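Chain by chain, the residues:
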Amino acid sequence: MKIAVLAGDGIGPEIIAQALRVLEVLKEEGMPMQFVHAPLGGQAYDQYGHPYPEFTQKICRDADAVLLGAVGGPQYDNLDRPLRPERGLLAIRKDLGLFANLRPAVLYPELANASTLKPEVVSGLDIMIVRELTGDVYFGQPRGMRTNEHGEREGFNTMVYAESEVRRIAHVAFDIAMKRGKKLCSVDKANVLETTEFWKEIVIDVAKEYPEVELNHMYVDNAAMQLIRNPKQFDVMVTGNIFGDILSDEASMLTGSIGMLASASLNETKKGLYEPSHGSAPDIAGKNLANPIATVLSTAMMLRYTFDNEAAAARIENAVKKVLAAGYRTGDIFEAGMRRVSCSEMGDQIVAAM
Ligand code: IPM
Ligand code: MG
């Protein structure tokens, strides 16, 4: 099990350290894991002058899975666009062909009060957002800024999806729906955008192979509204890159804290990049305050999706549940009456619960 570890920027190194402690428990018990560290994002720019340097590329291509902390920080905001940390993230997704991004939004019963929505609206919430990650307006060509024929400056991007891209992500989503509640909602803007009208057409065609899955379609604006109005109507959602970017942030907040949510980005061979859904939180970096749970849960997704080890994945998830039930909370999920812990203390508790 060759695992590339990219700690990244901001709170990245702190949360990765705790996730590695959890994996070390399994390693000490005999799981054949090997960790290889490499930089990504701002950290990589500082060392190699590029957010996804060749050094990192080689290690990640060679690994079975990649564990990532987070990238980005204010000190990099004025770099040329191609050198910014976020470009490192887009580059590694494209380079490794990580087209399927799974973003679960699960509400832990202990944290029902952390959501800004009423407990009855969110209790029991368990949504899986399947976001296409290597296409759409994020990568479509042409793109750029130019002066048009009227002499005015303009910015432009291209929204485009090839049939094969839609088919493969639809298959991933239907397969996941089959393992869950057999309900899939495909999100589009087919009333306005041809790209997503085409998306819808292909999803309907793929659906013929999954007669047991109940498929419905929703415009993205309505989906954004329904997520707030009645989020429990959703089981699995599948959508393109940009809609998925937006809806997954929205869905994460239903659960109270983005500090709890893991994610997996998979290619066609089950190689995956696993990372928390949150960012690098520069404001609390280096203070041992961050919530490592999303990163710890990302290691569980790694064991489940890349290494097919459901038992080990469930063990980590249960350890997290136990620690929450015992009242341990980092600052982002703290409530009166609970035990406030630091990032590393949360790691201590999870390791002990393992
Ligand atoms: C995400 C992030 C990235 C994205 C940024 C940092 C490039 O928002 O993973 O959702 O837009 O995909
Ligand atoms: Mg995002």
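Residues numbered from 1 in each chain as written. Chains lettered and ligands numbered in written order. Predicted model: local features only at pLDDT ≥ 70, side-chain atom pairs only at ≥ 80, totals over all residues. Heavy atoms only, no water.

A. Region of interest: the pairing of strand β12 (residues 272-276). Most of β12 is tucked away, with 5 of its 5 residues classed as buried. Residues of β12 alternate between two faces, with Gly 272, Tyr 274 and Pro 276 on one and Leu 273 and Glu 275 on the opposite face, all of them buried. In the sheet, strand β11 (residues 262-266) pairs with β12 via 5 bridges, with the strands oriented antiparallel. Bridge pairing in β12 links Ala 264 to Tyr 274. (Buried < 20%, exposed > 50% of the residue type's maximum accessible area, 1.4 Å probe, protein only. Helix = DSSP H or I, 4+ residues; strand = E, 2+ residues; numbered from the N terminus. Pairing = 2+ DSSP bridges.)

B. Seen up close, the domain arrangement of the chain. Taken as a whole, the chain is organised into domain 1 (1-99 + 267-354) and domain 2 (107-262). On a C-alpha basis, the centres of domain 1 and domain 2 stand 23 Å from each other. Listed per partner, the contact involves 26 residues of domain 1 and 21 residues of domain 2. Counting the surface lost from both domain 1 and domain 2, the interface buries some 2,200 Å², and carbon and sulfur atoms represent 64% of this. Put simply, domain 1 and domain 2 have 1 salt bridge between them. A salt bridge links Glu 268 to Arg 168; the shortest N-O distance between them is 3.6 Å. Our enumeration of links across domain 1 and domain 2 arrives at 6 residue pairs in polar contact (both at pLDDT 80 or more). Going through the elements one at a time, α4 (85-95), β12, α10 (293-305) and α11 (310-325) are the ones with two or more residues in the side of domain 1 that touches domain 2. Here the element with the most residues in the side of domain 1 that touches domain 2 is α10; it accounts for 6 residues. (Domains from an automatic or database assignment. Contact = heavy atoms within 4.5 Å. Buried area = accessible area lost by both parts, 1.4 Å probe. Salt bridge = Lys/Arg side-chain N within 4 Å of Asp/Glu carboxyl O. Polar contact = N/O pair within 3.5 Å; in protein donor to acceptor, adjacent residues only side chain to side chain.)

C. Region of the structure containing the site of ligand 1. In the neighbourhood of ligand 1, the contacting residues comprise Glu 86, Arg 93, Arg 103, Arg 131, Tyr 138 and Asp 245. With respect to ligand 1, the side chain of Arg 103 contributes an N or O atom lying 2.8 Å from an oxygen atom. In this structure, Tyr 138 approaches ligand 1 through a side-chain N or O atom, which is 2.5 Å from an oxygen atom. (Near = heavy atom within 4 Å.)

D. Just the environment of Val 122, in detail. Within the secondary structure, Val 122 is located in helix α5 (residues 119-122). Beyond its immediate chain neighbours, meaning those up to four positions away, Val 122 contacts Leu 107, Ser 115, Leu 117, Pro 231, Lys 232 and Leu 254.

E. Representation of the packing of α11 against helix α12 (residues 343-353) within the structure. One can describe the packing of α11 onto α12 by two numbers: an axis separation of 8 Å at closest approach and a directional angle of 120°. Here α11 is positioned oblique relative to α12, judged by the angle of their axes. For the pair α11 and α12, the sense of crossing is right-handed. From α11, Ala 319, Val 320, Lys 322 and Val 323 reach across to α12, where they touch Met 346, Gln 349, Ile 350 and Ala 353. Residue composition of the contact of α11 with α12, by class: 6 nonpolar, 1 polar and 1 charged. (Axes fitted to C-alpha atoms, helices over the stretch in contact; angles between N-to-C directions. Parallel < 35°, antiparallel > 145°, perpendicular 65-115°, else oblique. Left-handed = near helix turned anticlockwise from the far one by under 90°. Nonpolar A, V, L, I, M, F, W, Y, C, P; charged D, E, K, R; others polar.)

F. Region of the structure containing the side chain of Ser 265. Mapped onto the elements of the fold, Ser 265 is located in strand β11. By relative accessible area, which is 1% here, Ser 265 ends up buried. Of note is the side chain of Ser 265, whose polar atom sits 3.2 Å from the side chain of Asn 101. What Ser 265 contacts, discounting residues up to four positions off in sequence, is Leu 98, Ala 100, Asn 101, Leu 133, Lys 271, Gly 272, Leu 273 and Glu 275.

G. The arrangement of the pattern of salt bridges in detail. Within this structure, the stated rule accounts for 18 salt bridges. With a closest N to O distance of 3.0 Å, Asp 62 and Lys 2 form a salt bridge. One end of the pair, Asp 62, is in helix α3 (residues 54-62); the other, Lys 2, is in strand β1 (residues 2-8), with 60 residues separating them in the sequence. The closest approach of N and O atoms between Arg 167 and Asp 205, which form a salt bridge, is 2.9 Å. Of this pair, Arg 167 sits in helix α6 (residues 163-179) while Asp 205 sits in helix α7 (residues 194-207), and the two are 38 residues apart along the sequence.

H. Local environment of helix α1 (residues 12-28). The terminal C-alpha atoms of α1 lie 24 Å apart, and with 17 residues this matches the ideal 24 Å at 1.5 Å per residue to within 8%. Taken residue by residue, α1 has Gly 12, Glu 14, Ile 15, Ile 16, Gln 18, Ala 19, Leu 20, Val 22, Leu 23, Val 25 and Leu 26 as its buried positions. (Expected span 1.5 Å × (residues − 1).)

I. The sheet that holds β11, seen in detail. Taken together, the 10 strands give an open sheet; going across it, the order is β2-β1-β3-β12-β11-β4-β5-β10-β8-β9, and neighbouring strands pair in mixed fashion. The strands lining the two open edges of the sheet, one partner per strand, are β2 (34-37) and β9 (214-219). Within the sheet, the average angular offset between the axes of one strand and its neighbour, ignoring direction, is 20°. As paired elements, strand β8 (residues 183-188) and strand β10 (residues 236-239) share 3 bridges and run parallel to each other. If you follow Leu 184 over to β10, its bridge partner there is Val 236. The sheet strands contacting α10 are β1, β3 (65-70), β4 (100-106), β5 (126-132), β11 and β12, and the helix crosses β11 at an angle near 35°.

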